[in-house]
Amino acid sequence: MSVFSLKVDIAQNRFFNGETSPLFSRVEAQKARAFHKKITGYQPTPLRSLEELAQLFGVSKILVKDESQRFGLNAFKMLGGAYAIARLLCEKYQIDINEFSFEKLKATLTEKMTFATTTDGNHGRGVAWAAQQLGQNAVIYMPKGSARERVDHIRNLGAECIVTDMNYDDTVRLTMKTAQERGWEVVQDTAWEGYTKIPTWIMQGYSTLADEAVEQMQAMGVQRPTHVFLQAGVGAMAGGVLGYLVDVFGAEKLHSVIVEPDLADCVFRSGLKGEIVNVGGDMATIMAGLACGEPNPLGWPLLRNCATQFISCQDKVAALGMRVLGNPLGKDPRIVSGESGAVGLGVLAAVHHHPKREELMQELGLNHDSVVLLISTEGDTDVKHYREVVWEGKHPACS
């Protein structure tokens, strides 16, 4: 076995108090899932068990929720955008969300609306998809450096897509300003003063995947995970999913780890300080979906209260995770996981190969009884870069 050292900085959460949030709970997740079940083509995404990899890594189970299978969109993000748009329109037209259908709402709409958002790719694709389903308009802004393939995916859904010369957070501000001037509805997965309702719905929408995962684990005879690794950009997915899991299992009984790229580790730095810390600059990480420098103020309190640890890691960790998932051991299933989706598994692999493996395993509380839940949030949403990493060895672990 090769031994190599990748940067995986682990910080204990000194501010943990286990306080949960009624906004991000099992009850709210099941409301969102009831909505998603009504969408044509809905089915739970697979929960893959990597039995042979778990044995190699010295844990009981590694369970990977494979979101590349979500509605043919290759990522989980539509769960939030579609739910938020539906809730927004139901409120506007006084429709009960429990009686919602895209067909019914499309027939009810009396004016054509424009939904705007900023995205690194997957969230914008979800918003564009929901707008298309309803016969509405979408304008999607993307930060500089966005992959052409991700832009094309959005435009192929009929949306206007504009790539700026700014980073993600500055592009969010541009989107908000333009939407205000033109009367568009902003559907953004981060919050700011006066803008909390829609991002709350988006986070609740994300928790559908957690409700599915718990149901799937129980069908496997697994009562609960001991560990969950959740990647964070602004922290919306991490907050929504962690909120559900700690409501179901208790924060004290779940070892939860929030993982970020070191070039955009705003949640990690906030975890060290106990209050929101923003990160600026280009944030030129390969983990495009996590290239965010300002934590979501809705998700942050829950992460501060309930996360066990925070991790900041280099891009090579995500690349390693992509290769391991795409080249499985023995009879383990193959998982095509993109840069942001693979980083949780990448951390496990980096620990396994690290010269201080035993110390890191102990620090993370991992042992032969551990049941680790990972969320592969996306597939190969940038096929060119995926192949550069997995086929050509870009961002090698040993160099």
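Quantities reported herein were computed from a predicted structural model and do not represent experimental measurements.

**Q** Let's hear about the overall build of the protein chain: which residues, and what values?
**A** Along its length, the protein chain carries 16 helices and eleven strands. The C-alpha atoms of the protein chain give a radius of gyration of 20 Å, which matches the 21 Å a tight globule of 399 residues would have. Each of the three principal axes of the protein chain carries a C-alpha extent, and together these read 65 × 40 × 40 Å. Counting across all 399 residues of the protein chain, residues that qualify as buried make up 63%. Once local pairs closer than 6 in sequence are excluded, the contacts in the protein chain between residues at least 24 apart make up 75%. Taken as a whole, the protein chain presents about 15,200 Å² of accessible surface, with 46% of it coming from carbon and sulfur. Treating the 40 positive side-chain charges of the protein chain as one cloud and the 46 negative ones as another, the clouds have centres 2 Å apart.

**Q** An account of the packing of helix α1 (residues 26-37) against helix α9 (residues 208-219) is requested, with residue identities and associated values reported.
**A** Closest axis-to-axis distance for the α1/α9 pair is 8 Å, and the angle between their directions is 95°. Relative to α9, the element α1 is oriented roughly perpendicular. Of the residues in α9, those touching α1 at Arg26, Ala29, Gln30, Ala32, Arg33 and His36 are Thr208, Asp211, Glu212, Val214 and Glu215. For the contact of α1 with α9, a count of residues per class yields three nonpolar, three polar and five charged.

**Q** Any details on the UniProt feature "domain: Tryptophan synthase beta chain-like PALP" (unreviewed entry) in the protein chain? Residues and values, ideally.
**A** The UniProt record marks residues 41-353 with the feature "domain: Tryptophan synthase beta chain-like PALP" (unreviewed entry), using the residue numbering of this structure. Here residues 41-353 is 44% helix and 14% strand, with 41 Å between the C-alpha atoms at its ends.

**Q** Would you mind going over the packing of aromatic side chains in detail, with residue names and values included?
**A** If you walk through the whole model with that rule in mind, you get six aromatic pairs. Both rings, one in Phe71 and one in Trp129, keep their centres 5.7 Å apart while their planes meet at 40°; by these two values the pair is tilted. Of this pair, Phe71 sits in the loop between β3 (61-66) and α3 (78-93) while Trp129 sits in helix α5 (residues 122-133); the two residues are 58 residues apart in sequence, bridging distant segments of the chain. Across the pair, Trp129 and Phe71 agree in class, each one buried.

**Q** Pulling in residues and values, what's your account of the pattern of salt bridges?
**A** Inspection of every chain in the model, using the stated rule, returns 23 salt bridges. Between Asp189 and Lys77 there is a salt bridge, with the nearest N and O atoms lying 2.9 Å from each other. Of this pair, Asp189 sits in the loop between β7 (185-186) and α8 (197-206) while Lys77 sits in the loop between β3 and α3; the two residues are 112 residues apart in sequence, bridging distant segments of the chain. Since its relative accessible area comes to 14%, Lys77 is described here as buried. Its salt-bridge partner being Glu91, residue Lys197 comes within 3.0 Å of it at the nearest N-O pair. Highlighted residues: Lys197 in helix α8 and Glu91 in helix α3, separated in sequence by 106 residues. Judged by its relative accessible area of 44%, Lys197 falls in the partly exposed class. Salt bridges sharing common partners tie together Lys65, Glu67, Arg70 and Glu212.

**Q** With reference to specific residues and values, describe the sheet that holds strand β4 (residues 114-118).
**A** In sheet architecture, strand pairing relies on hydrogen bonds along the backbone and comes in two forms, parallel and antiparallel. Strand order in this open sheet of four strands is β6-β5-β4-β7, and the pairing throughout is parallel. The sheet terminates laterally at β6 (160-163) and β7, the two strands that pair on one side only. As defined by bridge partners, strand β5 (residues 137-142) adjoins β6 across four bridges and the pair is classed as parallel. Of the residues in β6, the one forming a bridge with Ile140 is Cys161. With respect to the sheet, α5 is in contact with β4 and β5, its orientation differing from that of β4 by roughly 170°.

**Q** Describe the sheet that holds strand β1 (residues 8-12), with residues and values.
**A** If you trace the seven strands from one edge of the open sheet to the other, you get β1-β10-β9-β8-β11-β3-β2, paired in mixed fashion. In this open sheet, the two edge strands, each paired with only one partner strand, are β1 and β2 (47-49). The sheet shows a mean angle of 25° between the axes of neighbouring strands, taken without regard to direction. Across the sheet, helix α10 (residues 236-249) touches β8 (227-231), β9 (255-261) and β11 (371-376), and the angle it forms with β8 is around 160°. Lying over the sheet, helix α11 (residues 266-273) contacts β1, β9 and β10 (309-313), oriented at roughly 135° with respect to β10.

**Q** If you had to explain the environment of Phe76 to someone new, which residues and values would you point to?
**A** Looking at the element boundaries, Phe76 is found in the loop between β3 and α3. Residue classification places Phe76 among the buried positions, given a relative accessible area of 4%. With 242 residues separating them along the chain, Phe76 and Ala318 place their C-alpha atoms 18 Å apart. Look past the residues within four positions of Phe76 in its chain and what remains in contact with it is Glu67, Arg70, Tyr206, Leu209, Met237 and Thr377.

**Q** Quick rundown of the domain arrangement of the protein chain? Include the residues and the values.
**A** Domains assigned within the protein chain are domain 1 (6-74 + 196-390) and domain 2 (75-192). Contact with domain 1, which involves 49 residues of that partner, is made by 41 residues of domain 2. When domain 1 packs against domain 2, the two sides together hide about 3,800 Å² of surface, and 59% of this comes from carbon and sulfur. Broken down residue by residue, the surface that domain 1 buries against domain 2 is led by Phe35, Leu73 and Trp201, which jointly contribute 21%. Between domain 1 and domain 2 we count four salt bridges in total.

**Q** Just give me the short version of the pairing of β8, but keep the residues and values in it.
**A** Here β8 lies mainly inside the structure; five of its five residues are buried. Side chains His227, Phe229 and Gln231 project from β8 onto one buried face, and the interleaved Val228 and Leu230 project onto a second face that is buried too. Summarising the sheet, β8 and β9 pair through five bridges and their orientation is parallel. Paired with His227 across the strands is His255, a residue of β9. As judged from the three bridges shared by β8 and β11, these two strands associate in the parallel manner.

Calculation notes
- Residues numbered from 1 in each chain as written.
- Predicted model: local features only at pLDDT ≥ 70, side-chain atom pairs only at ≥ 80, totals over all residues.
- Heavy atoms only, no water.
- Helix = DSSP H or I, 4+ residues; strand = E, 2+ residues; numbered from the N terminus.
- Rg over C-alpha atoms; globule rule 2.2 N^0.38 Å.
- Buried < 20%, exposed > 50% of the residue type's maximum accessible area, 1.4 Å probe, protein only.
- Contact = heavy atoms within 4.5 Å.
- Areas by Shrake-Rupley, 256 points an atom, 1.4 Å probe, with all protein chains shown as cover.
- Lys, Arg positive; Asp, Glu negative; His and termini not counted.
- Charge placed at Lys NZ, Arg CZ, Asp CG, Glu CD.
- Axes fitted to C-alpha atoms, helices over the stretch in contact; angles between N-to-C directions.
- Parallel < 35°, antiparallel > 145°, perpendicular 65-115°, else oblique.
- Nonpolar A, V, L, I, M, F, W, Y, C, P; charged D, E, K, R; others polar.
- UniProt positions renumbered as here; feature names shortened; annotations may be inferred.
- Phe/Tyr/Trp six-rings, centres within 6.5 Å; stacked < 30°, edge-to-face > 60°.
- Salt bridge = Lys/Arg side-chain N within 4 Å of Asp/Glu carboxyl O.
- Pairing = 2+ DSSP bridges.
- Domains from an automatic or database assignment.
- Buried area = accessible area lost by both parts, 1.4 Å probe.

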